[in-house]
Amino acid sequence: MRHLCKFALAAVAMSAALASGAAMAQKAGGNLVFIVQPEPPSLAGYLSTSGPIGLVAPKIYEGLFDYDNDLKIAPALAESYDVSDDGKTVTFKLQQGVTWHDGEPFTSADVEFTVMEVLKKVHPRGPNSFREVTSIDTPDEYTAVFNLAKAAPYMLSALSAYESPMVPKHLLEGQDPRNAELGNNPVGTGPFKFVEWKKGQYIRLEKNENYWKEGLPYLDRIVGRFIPDASTRTAAMESGEVMYGAFGAIPNIDAVRLRDTDGFSVTTEGYATINPMALIEFDTTEPPFDNPALRKAISYALDRQFLIDNIWFGYGKPATSALSSTFAGPGLYKDPMPNYVPTADIEEAIKLLDEAGITPDENGVRAKAVLDLIPYGEDWRRAGEYMKQALVPIGIELELRYEDVPTWLKRVYHNYDFAMNVNYFYQLADPVLGVHRHYGTDQIRQGTHFVNSTRYPNPKLDELLVAGAQEPDAAKRGEIYGEIQSILAEDMPVLNLFEMEFLTVYNDKLKGIDVSGLGAYGSFAEAWIDD
Amino acid sequence: MSHSARRLRYVLKRLIQALPIVLAIVIMNFFLLQMAEGDAVDVLAGEAGSATPEYMAELRAKFGLDQPLPVQLAVYLKNVLTFDLGYSFRHEMPVSQLILDRMIPTMLLMVSTIMLAVGFGVLLGLIAATGLNTWRDTAISIFALITYATPLFWVGLMLIVVFSLNLGWFPTSGMENLTMFYEGWDRVIDIAHHLVLPTITLSLFYLALYTRLMRASMLEQYGQDYVTTARAKGVTERRIIFVHVLRNALLPVVTMAGVQVGALIGGSVIVESVFAWPGLGMLAFEALFARDLNLLLGIFLLSALLVVAVNLVVDIIYSSLDPRIEVG
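To keep things clear, this report deals only with the structure shown in the data block. What you see is a predicted model, and the numbers here were worked out from it, not measured in a lab. (Residues numbered from 1 in each chain as written. Chains lettered and ligands numbered in written order. Predicted model: local features only at pLDDT ≥ 70, side-chain atom pairs only at ≥ 80, totals over all residues. Heavy atoms only, no water.)

Helix and strand counts for chain A stand at 16 helices and 22 strands. What you see for chain A is a C-alpha radius of gyration of 24 Å, in line with the 24 Å of a compact globule of 531 residues. Summarising its shape, the C-alpha atoms of chain A cover approximately 75 × 55 × 45 Å along the three principal directions. Within chain A, buried positions represent 61% of all 531 residues. Taking contacts inside chain A between residues at least 6 apart in sequence as the whole, the part at least 24 apart equals 71%. Of note, chain A has its 47 positive side-chain charges centred 2 Å away from the centre of its 74 negative side-chain charges. (Helix = DSSP H or I, 4+ residues; strand = E, 2+ residues; numbered from the N terminus. Rg over C-alpha atoms; globule rule 2.2 N^0.38 Å. Buried < 20%, exposed > 50% of the residue type's maximum accessible area, 1.4 Å probe, protein only. Contact = heavy atoms within 4.5 Å. Lys, Arg positive; Asp, Glu negative; His and termini not counted. Charge placed at Lys NZ, Arg CZ, Asp CG, Glu CD.)

If you want it as structure tokens, here you go:
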């Protein structure tokens, strides 16, 4: 039996949307100004997964797939796909009649070049996503056949415009993609063409008149604006100068106010492919956190719900496992794990410490440590202040440290000069893409950011991770990840705090931005303004 | 020797004296910035999510960061001497182009701020000094004290709340209307419209300084002998103030303005940040956090050169205001 999947053509989906109500008839035209913060370092989404690049580049470039809010695959540059029984051959049928913004046709040669020469070589996560791809055959212009060494079910979750954008072979061939002119002058197949980048001000994109999806995009122009100050971003939203701000561009404190104001809406949709998880990493190689009992005691002593309610204004879900509960969809998330509690259980924490023989000294202190905080905003500082207080009752004395980004990255991932580090990780659309890097022994890579900084080694876990990556059968895969979650709940080298919910704030006049599971990293082809 | 030839010789001499100063500034800045932990590659790789050590090593080699420090310095100095400020690897652009792009918005903001602050400061100081200990004097002094003591970012945000959100008179931020993209004279008017709030915010702070300085300076000049002489000669009070006292009282104001022009060219991080004004201050600020050292060094060098130039200009203005001061 072959697993075959055909999509409804985009046009069909569109006419369905049109039929859903005359009151929602999309209007063509209009200019959208949205917040891009901070200013991106470049627009090379094929080189960097940096957040602000993701806000702009997927409007210009497209991926083979798009994803809906339940992480289900939707067609993009690939019209359909077909996975062989052994999972080792994946065939993509491409859309016909697609052209690059410079007029050249988009063909299977571009797909082959993008994956083999660009994503597999220079993309930060590409070597992992496409690690099993040995070659790509292009029997004709609209067919790309991926030959895999082993089955790689997770690969199909990594084909969005943000994660794996298709790039023009004719503009990159024979050059080092890292130095190519394309980074600052992007040419894609997407609904919007790059026009201008005024450093320190804005990036301007105009409608692609030759876009392959009939009748799209609706908007004439999209401008990404850089506004450094959070209060000013809120003011610009209120005055209507900008209409859309995602990834907490409008801080939660203002977002809840705008949510209750006429004319504005707040949503937590559109982050399913990113899956952010707030967490604490421990240095498991040195005292005091080489003792798992201490790590688990902290998990009991911290009130996850308090953090969410008071610092993130109610947005977030207490973590219950090493995996985010959003992985329940593909059947990978197992029920809530032991050692994860939504509200603090001080007694249990003290019991754990006493049993492990970690006793208080004459001042009631059982352990001392410096808590490093991710330097991505004031919320994390507040979280650190809460933790410092919350751990006093169980005799753990914390000192807070808040540095700038380069210093912090160097400390945690290069010098390993930390004990306990508050951080957040994107778990992404599949654990292989976003979670494995945190735990595998092969992921203890000094100098590489956002990998196994805890230096937690577990050969049994390593075997399970390898098995989980290669198992094509969904039920068996679920069992493997169940076991992985049990081990991690017991050893807890990383303590997950809560599943973060980023907020998107937008002006109610802006419609059609919720059609893709990619949210702000989506193409905005179907966005329109209802004046 | 004629007057103008002497002045020219003086300018040349000053410029030659400035060379070693600027060179020392460049070298000091270079080593100072090296003391910061982490480098541009750490930041780029951190933002990218993850990167292999091989990739990071490659980037360091590409940026020249793998060279020993003295070599890096020598390369930089060599470039500077040929008027090449180097390349910003973060922005993938030459530093000189990045700085030039930000110069116009910076100059717009700074020139309008200085004019507003000095103009109104002198005026208010004059009014306060001529009406010493009257209600005018008290009101102006209180006003100056309040504007001086209020944090800039707060003033900026309050102006946005009142004039942008409540009254809708001015845009909240930015330099241009990005839904319209005006051309020609419409664009000039649009930019001027965007310039109003940041200029008022930034000048309120300096306005207070100039008001206080002008008032004190006027009062000091009043006590001088030449004022008594003028009165004895029967010169009118109005003429004493505007012809004799004002001219002398302006000297310290010019000194102060000179010092501040140099500082202001570097931009104002707070005002640029609050109003999303694309000036040099934010550029430098972001460059620091991105460890974009070439760009930072370029901005510092430019500031140093400007301070030197402005000081020279101020010295020349002195000699025009007060003929007793001679150049040479």
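We now examine the pairing of strand S13 (residues 264-267) of chain A. Residue and element names in this part refer to chain A. The two faces of S13 match: Phe264 and Val266 on one face and Ser265 and Thr267 on the other face are all buried. Taken together, the four bridges between S13 and strand S20 (residues 504-507) define a ladder with antiparallel strand orientation. Bridging from a neighbouring strand, Val266 pairs with Val505 of S20. (Pairing = 2+ DSSP bridges.)

What follows is about the interface of chain B and chain A. Listed per partner, the contact involves 45 residues of chain B and 44 residues of chain A. Where chain B touches chain A, the interface holds two salt bridges. For A:Lys410, the salt bridge identified is with B:Asp42, shortest N-O distance 3.9 Å. Linking chain B with chain A are ten residue pairs in polar contact (both at pLDDT 80 or more), by the criterion used here. Elements with a contribution of two residues or more to the side of chain B that touches chain A: helix H2 (40-48), helix H3 (53-63), helix H5 (95-130), helix H7 (152-166), helix H11 (269-274) and helix H12 (280-289) of chain B. Per-element accounting of the side of chain B that touches chain A gives the leading share, seven residues, to H2(B). (Salt bridge = Lys/Arg side-chain N within 4 Å of Asp/Glu carboxyl O. Polar contact = N/O pair within 3.5 Å; in protein donor to acceptor, adjacent residues only side chain to side chain.)

Looking now at a nonpolar patch on the surface. Residue and element names in this part refer to chain B. Judged by side-chain polarity, Phe153, Trp154, Met158, Val161, Val162, Leu167, Trp169 and Ile270 come together as a nonpolar surface patch covering roughly 740 Å² of accessible area. A per-element tally of the nonpolar patch places H7 first, with five residues. Among the structural elements, Met158 can be located in helix H7. (Patch = residues over 30% accessible without salt bridge, like charges linked within 9 Å, V, L, I, M, F, W, Y side chains within 5 Å. Areas by Shrake-Rupley, 256 points an atom, 1.4 Å probe, with all protein chains shown as cover.)

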